[in-house]
Amino acid sequence: MTTSTEAETDPAYAAIEDLGAAPLWRYYGNLFPAEPRSAAVPYVWRYHALRPHLLHFAETLSLEEAERRVLMLINPGMSDPPATVNSLYAGIQVILPGETAQAHRHAANAFRFVIEGDGAYTTVDGERLHMRPGDLLLTPGWHWHDHYHEGDGPMIWLDALDYPLVNALEAGFFELFECRSQRPVVPDNISSRQFVHGHLVPAWDIARSEVSPIGNYPWAQTERAFDAIAEDAEGSQVDGIVLEYTNPWTGGPVMPTMSCRVQRLPPGFRGAAFRRTASSVLHVVRGSGTILIDDERYDWHDRDVIAVPGWAICELRNPSATEDAILFSFSNEPVLRALGLYREELTERQG
Ligand code: GTQ
């Protein structure tokens, strides 16, 4: 038998290293943790603090120079490669009146959630989509997309992409379109209008893709969906009145790698503590409140963005006596579910 001191000096360690091999017994605990340990840490990006800097770059950096003018929201635990949480990235993009962000496509799936402004459009595979605050616009992988702004004042939105996953899988592709902007080839906003009825959807498209055919999920419909919920509905004990944006073909998430939700926390809401293997990002649409993440309390306010690492113990609260809080969120739950790795549980807080 070899003792541990002998092991330190055993020349066989260096010999196997030179041969491209390693002793599993020195790696075991890290490779097979008892439970997930996220590289991401909990973090809150303050919209009111970032916004002036975003506008500074809007004044000093042209879209010809920047391609996309975006402040990436990089998790302090995930700088290389940069990500917001595990397989997801979020950023805050600004475009000014008269500007165009040139057409391109990438293998990564993307979507945008509009924060402020009016009069901008994104064209996705030849469909012009009008962007208004609270709208969710999908740019599925390998769809051409460009943005332009005809309105007044800055247009700002939250971007989300799954590039950390796509790059980890070494499946990233990127192409510029042949000209700066696409010409529309179908009527504006047609996909949202055709699918708005939900129970009566165009049946001639036989693709039935895992990617939603809807380009824009307008905020006006989201509000209508909330208004239709019964007054005394209890909702989820952890998430309140939570709605999922769905792919009308499957009833499942809008894209195979990202699920999008919006939730209303009524005044005084105190959520139960829970954890999930999925990692998520929250964006405050309205209101303010707190989230306990692994026993640390974080305040959040209007338009902030919050990183929630996978398997962290979380608890949401809306302490206001009178105001609802509305959160938009996205997560990698569909990836974990597809691979049989999704778990969630109610939990006691530690400590
Ligand atoms: O608007 O197409 O934040 O391609 C990152 C990559 C936005 C976009 C991002 C992108 C875009």
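Not measured: the values here are computed from a predicted model.

J.: Give a description of the nonpolar core that names residues and reports values.
T.: The biggest cluster of nonpolar side chains holds 44 residues, and the ones touching the most others in it are Phe-111, Leu-136, Leu-158, Tyr-245, Phe-328 and Phe-330. No other element matches the four residues that helix 4 (residues 47–60) contributes to this core. If sequence neighbours within four positions are ignored, Phe-330 has contacts with Leu-88, Tyr-89, Ala-90, Phe-111, Leu-158, Ala-160, Ser-259, Cys-260, Ser-279, Ser-280 and Val-281. Listed in part, the 18 residues of the second largest apolar core include Leu-265, Phe-274, Leu-282 and Cys-314.

J.: Break down the environment of Pro-334 for me, with residues and values.
T.: Structurally, the position occupied by Pro-334 is in helix 9 (residues 333–338). Classification of Pro-334 as buried rests on a relative accessible area of 11%. Spatially, the C-alpha atoms of Pro-334 and Pro-253 are 7.0 Å apart, while their sequence positions differ by 81 residues. For Pro-334, the contacting residues outside a window of four places in its chain are Pro-253, Met-255, Pro-256, Thr-257, Met-258 and Ser-259.

J.: Describe in detail the sheet that holds strand 19 (residues 305–308), supporting the description with residues and values.
T.: Pairing in this open sheet of six strands is antiparallel, and the strands run 1-19-16-21-14-13 from one edge to the other. Of all the strands in the sheet, the pair left with one neighbour each is strand 1 (43–45) and strand 13 (241–244). Averaged over all pairs of adjacent strands, the angle between their axes in this sheet comes to 20°, without regard to strand direction. Bridge count between strand 13 and strand 14 (residues 259–265): four bridges; the pairing is antiparallel. Residue Leu-243 lies in a different strand from strand 14, and its bridge partner there is Val-262.

J.: Tell me what's going on with helix 4, and back it up with residues and numbers.
T.: Under the 1.5 Å per step criterion, the end-to-end length of helix 4 is 20 Å for 14 residues, consistent within 8% with the ideal 20 Å. Within helix 4, burial applies to Tyr-47, Leu-54, Leu-55 and Ala-58. Each buried residue of helix 4 sits inside an arc of 100° when the element is viewed along its axis, so together they form one side. Considering only its buried residues, helix 4 is in contact with strand 1, strand 2 (70–72), strand 3 (89–95), strand 5 (110–116) and strand 10 (155–161).

J.: Tell me about the site of the ligand, residues and numbers included.
T.: Around the ligand sit Arg-68, Val-70, Tyr-89, Gln-93, His-104, His-106, Arg-112, His-145, His-147, Asp-159 and Leu-161, and those are all the residues in its vicinity. At a separation of 2.9 Å, an oxygen atom of the ligand approaches a polar side-chain atom of Arg-68. Within the contact set of the ligand, an oxygen atom lies 2.9 Å away from a side-chain nitrogen or oxygen of His-104. Here the ligand, which alone exposes 290 Å², has 87% of that area covered by the protein. Elements with a minimum of two residues in the shell around the ligand: strand 3, strand 4 (100–106), strand 9 (145–149) and strand 10. The class makeup of the residues in the shell around the ligand is three nonpolar, five polar and three charged.

J.: Tell me about the pattern of salt bridges, and please be specific about residues and values.
T.: When the charged atoms of two side chains with opposite charge come close together, those side chains can pair. According to the stated counting rule, one finds 20 salt bridges in the structure shown. The residue Glu-64 makes a salt bridge to Arg-180 at a minimum N-O spacing of 3.5 Å. Residue Glu-64 is found in helix 5 (residues 63–66), and its partner Arg-180 is found in the loop between strand 11 (174–176) and helix 7 (190–195); the two are separated by 116 residues along the sequence. The class for Glu-64 is exposed, based on a relative accessible area of 61%. Across the pair Arg-105 and Glu-175 runs a salt bridge whose closest N-O atoms are separated by 2.9 Å. Of this pair, Arg-105 sits in strand 4 while Glu-175 is found in strand 11, placing the two residues 70 residues apart along the sequence.

J.: Go over the packing of aromatic side chains, please, and point to the residues and values.
T.: According to the stated counting rule, one finds 15 aromatic pairs in the structure shown. Geometrically, the ring pair formed by Trp-142 and Phe-173 is edge-to-face, given 6.4 Å between the ring centres and 70° between the ring planes. Taken together, the residues Trp-142 in the loop between strand 8 (136–139) and strand 9 and Phe-173 in the loop between helix 6 (163–168) and strand 11 connect sequence positions 31 residues apart. Between the aromatic rings of Tyr-245 and Phe-328, the centroid separation amounts to 6.0 Å while the plane-to-plane angle is 65°, which identifies the pairing as edge-to-face. With Tyr-245 in the loop between strand 13 and strand 14 and Phe-328 in strand 21 (residues 325–331), this residue pair connects regions lying 83 residues apart in the sequence. Residue classification places Tyr-245 among the buried residues on the basis of a relative accessible area of 6%. Note on Phe-328: relative accessible area 0%, which makes it buried. Taken together through their ring pairs, the aromatic side chains of Phe-111, Phe-113, Tyr-217, Trp-219, Tyr-245, Phe-328 and Phe-330 make up a single cluster.

About the criteria used
- Residues numbered from 1 in each chain as written.
- Predicted model: local features only at pLDDT ≥ 70, side-chain atom pairs only at ≥ 80, totals over all residues.
- Heavy atoms only, no water.
- Core = buried A, V, L, I, M, F, W, Y, C linked by side-chain atoms within 4.5 Å.
- Buried < 20%, exposed > 50% of the residue type's maximum accessible area, 1.4 Å probe, protein only.
- Helix = DSSP H or I, 4+ residues; strand = E, 2+ residues; numbered from the N terminus.
- Contact = heavy atoms within 4.5 Å.
- Pairing = 2+ DSSP bridges.
- Axes fitted to C-alpha atoms, helices over the stretch in contact; angles between N-to-C directions.
- Expected span 1.5 Å × (residues − 1).
- Arc of directions from axis to C-beta.
- Near = heavy atom within 4 Å.
- Polar contact = N/O pair within 3.5 Å; in protein donor to acceptor, adjacent residues only side chain to side chain.
- Areas by Shrake-Rupley, 256 points an atom, 1.4 Å probe, with all protein chains shown as cover.
- Nonpolar A, V, L, I, M, F, W, Y, C, P; charged D, E, K, R; others polar.
- Salt bridge = Lys/Arg side-chain N within 4 Å of Asp/Glu carboxyl O.
- Phe/Tyr/Trp six-rings, centres within 6.5 Å; stacked < 30°, edge-to-face > 60°.

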